Amino acid sequence: MRWSNSMIPTLREVPSEAVVPSHQLMLRAGLIQQVAAGTYSYLPLGWRVMQKVMDIIREEMNAAEAVEVFMPAMQPIESLERSGRNVDYGDNLFVLTDRHGRAQALSPTHEEVITDMFGAFVKSYKQLPLTLYQIQTKFRDEFRPRFGVLRSREFMMKDAYSFHIDEGSLGAVYQRQYDAYCRIFDRCGVDNYVIVEAESGPIGGSASHEFIMPCETGEDVILQSDKGNYAANVEKCEIGERGHELAGEATGELEQVHTPGCATIEDVGKIMKVKAPHLLKTMVYEADGSWVVAVVRGDHELNEGKLKEATGASVLVMADEARAKEAGFAIGFVGPHVPVSCKTYVDPDAAQAQFWACGANEADHHVKHFNWQRDLLDHVDDDCVIVADIRNAAEGDPSPKNDGGVLRESRGIELGHVFKLGSKYSDALGVTVLDEQQQARPVLMGCYGIGVNRILAAWIESDHGRDEGGIIWPMAIAPYQVVITTIKYEGEVQAAADALYDELLAAGVDVLLDDRDERAGVKFKDADLIGIPLRITVGDRGLKSDEVELKARTSEDAEMVARGDAAARAVALIEEALKTS
RNA sequence: CGGGGUGUAGCUCAGCUUGGUAGAGCGCGUCGUUCGGGUCGACGAGGCCGUAGGUUCAAAUCCUAUCACCCCGACCA
């Protein structure tokens, strides 16, 4: 492609609406254009990258014996109602009404549609396992779209769904998809990802993994053991063994302190002059309709998933403030010694005999010298107080492998997620297959997603994806593999550049010829900004000795190459890059 | 949804407090100049000042409403 024939609107200045590096660079490099909040057009360069990523995904999906299908962008609201996901998605669901007054949802994903498709055509275990996939736009009415393409209301997603008669088959295909994901990201050159255990869902075990691109602006928090043998999303991350001691001596008389209006740990700590690790954070929940109290240390965060698991409840919600107050909870000033009979779940780090300050169970008051034995255990049945891991893991916690490893916390962007769904959708939608005994069995499913546009943004967001000059694309997904920069596009230089361009095209190289009548400096800056991996500079200076200059985007220095060898040399470098990536 | 901010040229912004018919830099066009990392100079095109009302002789500027976009927060008592 000749630059002059494309549309590559590079920007010298940073558009004011972009606050994160990937968004800024995607706009400056002319990859995308914002149409509305959270919706973007892909310009020629951006779309080329998208297509290259999709091509790789498609090849690897096909190699994993998955078959591609295409589904509507909208589906009748009823299909989401059958699985209850219209409620799960809530306001995040885009719903529109057609001329007949029927509600249609813009698909946030396609589990229902694909499960119906499967159910319509597959009736026998003999046809299993089957893996179907799609690469399509998905819609979510995000409460707050942000960070450019990282959290948008429309995005390109690869979703694969597998169908099985038994666990073993699901496990095997899950592993096959997992391996395909590694190959996809490796081949894209986006090879600095981390695989973490994620919320395990209905089946349990290690049934869910996320592929995370580490970067500071990421919305996901992950923890990795410094022994390198454990990594998990904070939502899922377990914590290694921790001791606890509820029975110890009190540190002093229970002392009430007036703390008007101080409902947060920060405020309370300030007014009482107590640091967060000596405060108890006490929260009230309803587990299947019963009151439940959860206690963690002031500097820790409750993990609702863990609490739910500890309680064994099927529905766990934070207490409604009005109703909890009516029941006797001094919301905002709750301490573990609540005046209401209920179960209390305590995190091990909070279940210690030490100095504690906590809510006084009385509005506008807290207490000092709370002691578990004296102030709670002596007054309730033993089985009312349960010590359990109910908090989010944090920097410095022991690894759940209990091998001396320490958890390190970092942030990242979720690029992909593989997940065992089990029979959730087949149950809800009544999809079964006949087994060998001619018994109808609910089909087991796995689902496997990749956010295509997130791959672009997350890569640019990561340390390897950019420098002061702009984007640094990996060879495999760069919009063009080579850019020919002409010092000036005329005379001998023009002839040489054109010849080289034709040669590279003939060799099957994705090449961009900068034939613009611009100063050399402008062309160099633009080539760096848009991140083309290889640059061949053609100018009078080199041509005097019949040479051109070859430079990698990632290296400081250029090498001089005989004009006749340039194309072959570039081809060799491209092959090399695609091999190692 | 709650709080905050911003809407003026393709982009980044000034002008608004103290109303008087619209500005700079970059970009764009022409000419010249320069020519290996965003040359320099001259001339020029380009804006119903987000939209709708209101106040006023007069509104980018003051008032009201509305829309859009951005940021922070939104069950850690």
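Parameters at a glance
- The numbers attached to residues start from 1 for each chain and follow its sequence in the written order.
- Ligands are numbered from 1 and chains lettered from A, in the order in which they are written.
- Thresholds applied to this predicted model are a pLDDT of at least 70 for local features of residues and 80 or more for the giving and counting of side-chain atom pairs; totals over whole chains, interfaces and linings are not thresholded and use all residues.
- Working from all heavy atoms in the structure, the side-chain values ignore hydrogens and water.
- Each patch is built from salt-bridge-free residues with over 30% relative accessible area, joining like charges within 9 Å and nonpolar side chains (Val, Leu, Ile, Met, Phe, Trp, Tyr) within 5 Å.
- Each accessible area value is a Shrake-Rupley result obtained with a 1.4 Å probe; residue values ignore everything except the protein chains displayed when judging cover.
- Each reported salt bridge corresponds to a side-chain nitrogen of Lys or Arg within 4 Å of a carboxyl oxygen of Asp or Glu.
- In this tally, Asp and Glu contribute negative charge and Lys and Arg positive charge; neither His nor the terminal groups of the chain are included.
- In this description, the location of a charge corresponds to atom NZ of lysine, CZ of arginine, CG of aspartate or CD of glutamate.
- Numbering goes from the N terminus for both helices and strands, where a helix is a DSSP run of H or I of at least four residues and a strand is a run of E of at least two.
- The cut-offs for exposure are 20% and 50% of the maximum accessible area for each residue type, with area from a 1.4 Å probe on protein chains only; residues under the lower value are buried, those over the upper are exposed, and the others partly exposed.
- Throughout the structure description, domain borders are defined by an automatic or database domain assignment.
- Two residues qualify as a contact provided that any one of their heavy atoms is within 4.5 Å of a heavy atom in the partner residue.
- Two strands are counted as paired when DSSP detects at least two bridges linking them.
- Note on definitions: angles span 0 to 180 degrees between N-to-C directions of axes, and those axes are lines fitted to C-alpha atoms, for helices only across the stretch in contact.
- Between rings of Phe, Tyr and Trp, where Trp is taken as its six-membered ring, a pair exists when centres lie within 6.5 Å; planes separated by under 30 degrees are stacked, by over 60 edge-to-face, and by other angles tilted.
- The rule is short: NZ of Lys or CZ of Arg within 6 Å of the ring centre and within 35 degrees of the ring normal puts a charge over the ring.

Can you walk me through a negative patch on the surface in this structure?
A cluster of acidic residues, Glu490, Glu492, Asp517, Glu518 and Asp540, forms a negative patch at the surface. Note that Glu518 resides in the loop between strand E28 (511-514) and helix H14 (520-530). Judged by its relative accessible area of 36%, Glu518 is partly exposed.

Before we go on, may I ask you to explain the domain arrangement of chain A in this structure?
In many reports, interface size means the accessible area that the parts give up when they come together. Splitting chain A by domain gives domain 1 (3-194 + 420-460), domain 2 (255-387) and domain 3 (480-580). Measuring from the centre of the C-alpha atoms in domain 2 to the corresponding centre in domain 3 gives 66 Å.

I would appreciate a short explanation of the environment of Gly269 in the present structure.
Here Gly269 is to be found in helix H7 (residues 265-272). Leave out the neighbours within four places in its chain, and Gly269 touches Val274 and Leu279.

Would you take a moment to explain the sheet that holds strand E6 (residues 103-106) for this structure?
The strands making up a sheet associate through backbone hydrogen bonding, with each pair oriented either parallel or antiparallel. As summarised here, the arrangement of the 3 strands in space is E4-E6-E5, forming an open sheet in which the pairing is antiparallel. Looking at strand neighbours, the two that pair on one side only are strand E4 (74-76) and strand E5 (94-97), the edges of this open sheet. Averaged over all neighbouring strand pairs, the angle between strand axes comes to 35 degrees, with direction disregarded. Bridge count between E4 and E6: 3 bridges; the pairing is antiparallel. Each residue of the ladder has a partner; that of Gln75, found in E6, is Ala105.

When you look at the pairing of strand E11 (residues 220-225) in this model, what are you seeing that I'm missing?
Of all 6 residues in E11, 5 are buried; the element is thus mostly enclosed. Two elements, E11 and strand E21 (residues 407-422), share 6 bridges in a ladder whose sense is antiparallel. By the bridge assignment, Asp220 is partnered in E21 with Gly412. Sheet topology note: the E11/strand E12 (residues 231-233) ladder contains 3 bridges and is antiparallel. When the bridges of E12 are listed, Ile222 appears paired with Asn233. With antiparallel pairing between neighbouring strands as the criterion, E11 and E12 make up a hairpin whose turn holds 5 residues, including Gly228 at a positive phi of roughly 75 degrees.

Help me out: how do you make sense of the pattern of salt bridges in this one?
Proximity of charged atoms lets side chains of opposite charge pair with each other. Scanning the entire structure with this criterion turns up 37 salt bridges. Of the charged contacts in the structure, one is a salt bridge between Arg85 and Glu112, with a shortest N-O distance of 2.7 Å. Placement of Arg85 in helix H4 (residues 85-89) and of Glu112 in helix H5 (residues 111-121) is noted, with a sequence separation of 27 residues between them. Glu112 matches Arg85 in its accessibility class, with the two residues each being buried. For Arg516, the salt bridge identified is with Asp514, shortest N-O distance 2.9 Å. Judged by relative accessible area, which is 15%, Arg516 ranks as buried. Given a relative accessible area of 0%, Asp514 falls into the buried group.

Explanation requested: the packing of aromatic side chains in the structure shown.
We describe a pair of aromatic rings using the distance from one ring centre to the other and the angle between the two ring planes. Tallying each qualifying case throughout the model produces 10 aromatic pairs. Relative to Phe185, the ring of Tyr181 has its centre 6.2 Å away and its plane inclined at 85 degrees; by these criteria the two rings are edge-to-face. A residue pair is termed a helical-turn pair when its members lie 3 or 4 positions apart in one helix, as Tyr181 and Phe185 do in helix H6 (residues 167-188) at 4 residues. Accessibility classification places Tyr181 together with Phe185 in one group, the buried group. Between Tyr193 and Phe211 the ring centres are 5.9 Å apart and the planes differ by 45 degrees, which places this aromatic pair in the tilted class. Of this pair, Tyr193 sits in the loop between H6 and strand E9 (194-197) while Phe211 is found in strand E10 (residues 208-214), placing the two residues 18 residues apart along the sequence. A relative accessible area of 15% places Tyr193 in the buried class. In textbook terms, an aromatic cluster arises when at least three aromatic residues are bridged by ring pairs, as seen for Tyr178, Tyr181, Phe185, Tyr193 and Phe211. Over the ring of Tyr174 we find Lys420, and its NZ or CZ is 5.3 Å from the ring centre. Its guanidinium or amino end placed over the ring of Trp3, Arg516 lies 4.0 Å from that ring's centre, counting from NZ or CZ.

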